[in-house]
Amino acid sequence: MLYWLSGLAEGGDVFNLFRYITFRAGAAFFTALVFGFLFGRPLIDLLRRRQGKGQPIRDDGPQSHFAKAGTPTMGGLLILSAILVSTLLWARLDNPYIWIVLFVTYGFGLIGFADDYAKVTRQNTKGVSSRVRFLLGLLIAALAGGLAAWAHPAELTNQLAFPIFKNALFNLGWFFVPFAMVVVVGAANAVNLTDGLDGLAIMPVMIAAGTLGIIAYAVGRSDFTEYLGVHYVPGTGEILIFTAALIGGGLGFLWYNAPPAAVFMGDTGSLALGGALGAHAGVTKHEIVLAIVGGLFVVEALSVIIQVGYFKRTGKRVFLMAPIHHHFEKKGWAEPQIVIRFWIISLILALIGLATLKLR
């Protein structure tokens, strides 16, 4: 919104700064960060008063988790509010990619909010039917996929790009929208499964978002894409504003979510942020790179799929408990030990993802 101030610029005055994506991204980051610090404690106090007993704890979960009983959930509201305020303030609102990512983020956020609300009001871990959540997620992702195909330049519409093989494109045709649905819904649910320990999900989300933000900025500049040998997607650089806001809001949330957590993200946050990563990758034509930079989420989701599938076939378990972070808890790893090691893995994967920009 504040981009319009650039119209007042006359040469090198202060208003000229509003033309630059990097300046507005930095401003979005600090706006979201300050928002999180200002409203974090009041929101937690409000959630605690309204929720009473807080988020229900699974009976079959690790015994150490029962000490977390009474911790309020829906802390994702803090992140989503910070992102919305910062993005609307600092992004160009005539950019279609901004609206696509916001649509997916807050669509999945509403699904997560409904699920969290059902859990805390009924005081059980079931929430909204998984089938309903899944179908609503598919609908949101289908609409986003169609909008992305419409917004992309003609030469990239319905195309799947490959990392490293820079000139390779595969025309998905009508299958582009179903593919986008798999990417977005898969990312949303993978982040949701990862959100099981204090601080575990939010840092990898910020790392992945930061990586995708850099990629969005690069593929949105013709000079960068020519040097890197990747496909030029005009307008995607503006998404860096969104990712900067996400990182600022995420850090504000992590201040209160660090062990021992004063608030949980809940499905309100995890589904929304996962959906945001999927949408982000889709509009920048880096869906495959998302599987690399978000590799931790992929492993978490696969551990559940493997566990459930193997148990149905044999009646035995591959892991002591799924998702895989609970497996390490059962093996005796301390919660902060798991969280920090998973953060390190996420950072390594992000660097590998960035490296694909230059590899030929």
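Look up: the structure comes first, before these words.
Everything quoted here is computed from the prediction, not taken from an experiment. For every chain, the first residue of the written sequence is number 1, and numbering continues from 1 onward in sequence order. Reporting in this predicted model follows two pLDDT cut-offs: at least 70 for local features of residues, and 80 or more for side-chain atom pairs to be given and counted; totals over whole chains, interfaces and linings ignore these cut-offs and use all residues. Here the side-chain values reflect all heavy atoms present in the structure, with hydrogen atoms and water set aside.

1. Considerations on the overall build of the protein chain
Note the following rule: By the criteria applied, helices consist of DSSP H or I runs no shorter than four residues and strands consist of E runs no shorter than two, each listed in order from the N terminus. Only C-alpha atoms enter the radius of gyration; for comparison, a globular chain is expected to reach 2.2 Å times N to the power 0.38, where N is the number of residues. Residue exposure (1.4 Å probe, protein chains only): buried if accessible area is under 20% of the type maximum, exposed if over 50%, otherwise partly exposed.
Summing up its helical and strand segments, the protein chain has 13 helices and 2 strands in all. Computed over C-alpha atoms, the radius of gyration of the protein chain comes to 20 Å, within 12% of the 21 Å expected from 2.2 N^0.38 for 360 residues, which places it in the range of a compact globule. If one aligns the C-alpha atoms of the protein chain with their principal axes, the spans along those axes are about 60 × 45 × 35 Å. The buried share among the 360 residues of the protein chain stands at 55%.

2. Concerning the packing of helix α3 (residues 96–122) against helix α9 (residues 266–283)
Rules: Angles shown run from 0 to 180 degrees and are taken between the N-to-C directions of axes, each axis being a line fitted to C-alpha atoms and, for helices, limited to the stretch in contact. Oblique is the label for any angle not under 35 degrees, not over 145, and not in the 65 to 115 range, which are roughly parallel, roughly antiparallel and roughly perpendicular in turn. Two helices crossing with the near one rotated counterclockwise from the far one by less than a right angle form a left-handed crossing, whereas a clockwise rotation gives a right-handed crossing. Asp, Glu, Lys and Arg are counted as charged, while Ala, Val, Leu, Ile, Met, Phe, Trp, Tyr, Cys and Pro are counted as nonpolar; the rest, among them Gly, fall into the polar class.
Between α3 and α9, whose axes approach to 7 Å, the crossing angle comes to 155°. In this view, α3 runs roughly antiparallel relative to α9, as classed from their interaxial angle. Between α3 and α9 lies a crossing whose hand is right-handed. Class assignment for the residues of the contact of α3 with α9 results in 12 nonpolar, 7 polar and 4 charged.

3. Considerations on the environment of K126
Tracing the backbone through its elements, the reader meets K126 in the loop between α3 and α4 (130–151). Sequence separation of K126 and D116 is 10 residues, and the distance between their C-alpha atoms is 9.4 Å.

4. Concerning the packing of aromatic side chains
Selection rule: Stacked, tilted and edge-to-face are the three classes applied to pairs of Phe, Tyr and Trp rings, where Trp contributes its six-membered ring and a pair requires centres within 6.5 Å; stacked means planes under 30 degrees apart, edge-to-face means over 60, and tilted covers the rest.
This structure, assessed with the given rule, holds 10 aromatic pairs. Summarising the aromatic geometry, the rings of F18 and W90 are spaced 6.0 Å apart at their centres and angled 5° between planes, so their arrangement reads as stacked. Here F18 is found in the segment before α1 (21–51), whereas its partner W90 is found in helix α2 (residues 76–90), with 72 residues between them in sequence. The residues F18 and W90 share a single accessibility class, namely buried. Ring geometry for F35 and F39: centres 4.6 Å apart, planes at 40°, overall tilted. Taken together, the positions of F35 and F39, both in helix α1 and 4 residues apart, correspond to about one turn of that helix. Overall, the relative accessible area of 17% leaves F35 in the buried class.

5. A word on empty space enclosed by the protein
Rules: Note on definitions: the grid is 1 Å and covers protein atoms alone; a cavity is a set of points where a 1.4 Å probe fits but cannot get out; a pocket is an open set with protein on both sides within 12 Å along at least five of seven lines; lining residues have an atom within 4 Å of a point. Grid points are joined across faces, edges and corners, and a volume is the space filled by probe spheres set on the points.
In this structure the tally under the stated criterion is 2 cavities of 30 Å³ or more. If you add up the space inside the largest cavity, you get close to 140 Å³. Along the wall of the largest cavity there are 14 residues; nearest its centre are F162, P163, V230, K285 and H286. By residue class, the composition of the lining of the largest cavity is 8 nonpolar, 4 polar and 2 charged.

6. Quick notes on the side chain of T87
Condition: Contact criterion: two residues are considered in contact whenever any of their non-hydrogen atoms come within 4.5 Å of each other.
Considering the arrangement of structural elements, one finds T87 in helix α2. Dropping the residues within four chain positions of it, T87 is found in contact with L93, I98, L102, F242 and A245.

7. A look at the environment of N171
To keep things clear, this is the line we draw: Counted as a polar contact is a pair of N or O atoms within 3.5 Å, where, for protein atoms, one must be capable of donating a hydrogen and the other of accepting one, and residues adjacent in sequence contribute only when both atoms are in side chains.
Secondary-structure assignment places N171 in strand β2 (residues 169–171). Beyond its immediate chain neighbours, meaning those up to four positions away, N171 contacts N158 and Q159. Polar contacts involving the side chain of N171 include one to the main-chain amide nitrogen of G173, which spans 2.9 Å.

8. What to know about the pattern of salt bridges
As a reminder, the rule being used: What makes a salt bridge here is a side-chain nitrogen of Lys or Arg within 4 Å of a carboxyl oxygen of Asp or Glu, nothing more.
Under the criterion given, the structure shown has 9 salt bridges. Here R92 ties to D94 by a salt bridge, and the two come within 2.8 Å at their closest N and O atoms. Overall, D94 belongs to the exposed group, its relative accessible area being 55%. A salt bridge links R133 to D267; the nearest nitrogen and oxygen atoms lie 3.7 Å apart. Pair noted here: R133 is in helix α4 and D267 is in helix α9, with a separation of 134 residues, a long-range link. The exposure class of D267 is buried, given its relative accessible area of 7%. Where salt bridges share partners, they join D115, K119, R133 and D267 into one cluster.

9. Side note on unusual backbone geometry
Where the residue is not glycine, phi is negative for most of them; where a peptide bond is considered, it is trans in most cases. Cis peptide bonds are those with omega within 30 degrees of zero, and the linkage from P259 to P260 qualifies with -10°. With respect to the secondary-structure elements, P260 resides in the loop between α8 (239–257) and α9. Here the bond from A322 into P323 is cis, since omega is 0°, no more than 30 degrees from zero. Mapped onto the elements of the fold, P323 is located in the loop between α11 (295–314) and α12 (324–330). The phi dihedral of M74 is positive, around 70°, even though this residue is not glycine. Counting through the fold element by element, M74 comes out in the loop between α1 and α2. Owing to a relative accessible area of 5%, M74 belongs among the buried residues under this scheme. Of note in the backbone geometry, N158 takes a positive phi value of approximately 65° without being a glycine. Turning to its location among the elements, N158 is positioned in the loop between α4 and β1 (159–161).

10. Observations regarding the layout of surface pockets
Its volume calculated, the second largest pocket comes out at about 300 Å³. If you trace the second largest pocket, you find 18 residues lining it, with V183, G186, A187, A291 and V298 closest to the centre. Elements represented by at least two residues in the lining of the second largest pocket include exactly α5 (176–194), α10 (287–293) and α11. Among the elements that make up the lining of the second largest pocket, the one with the highest residue count is α5 (7 residues). Residue composition of the lining of the second largest pocket, by class: 15 nonpolar, 2 polar and 1 charged.

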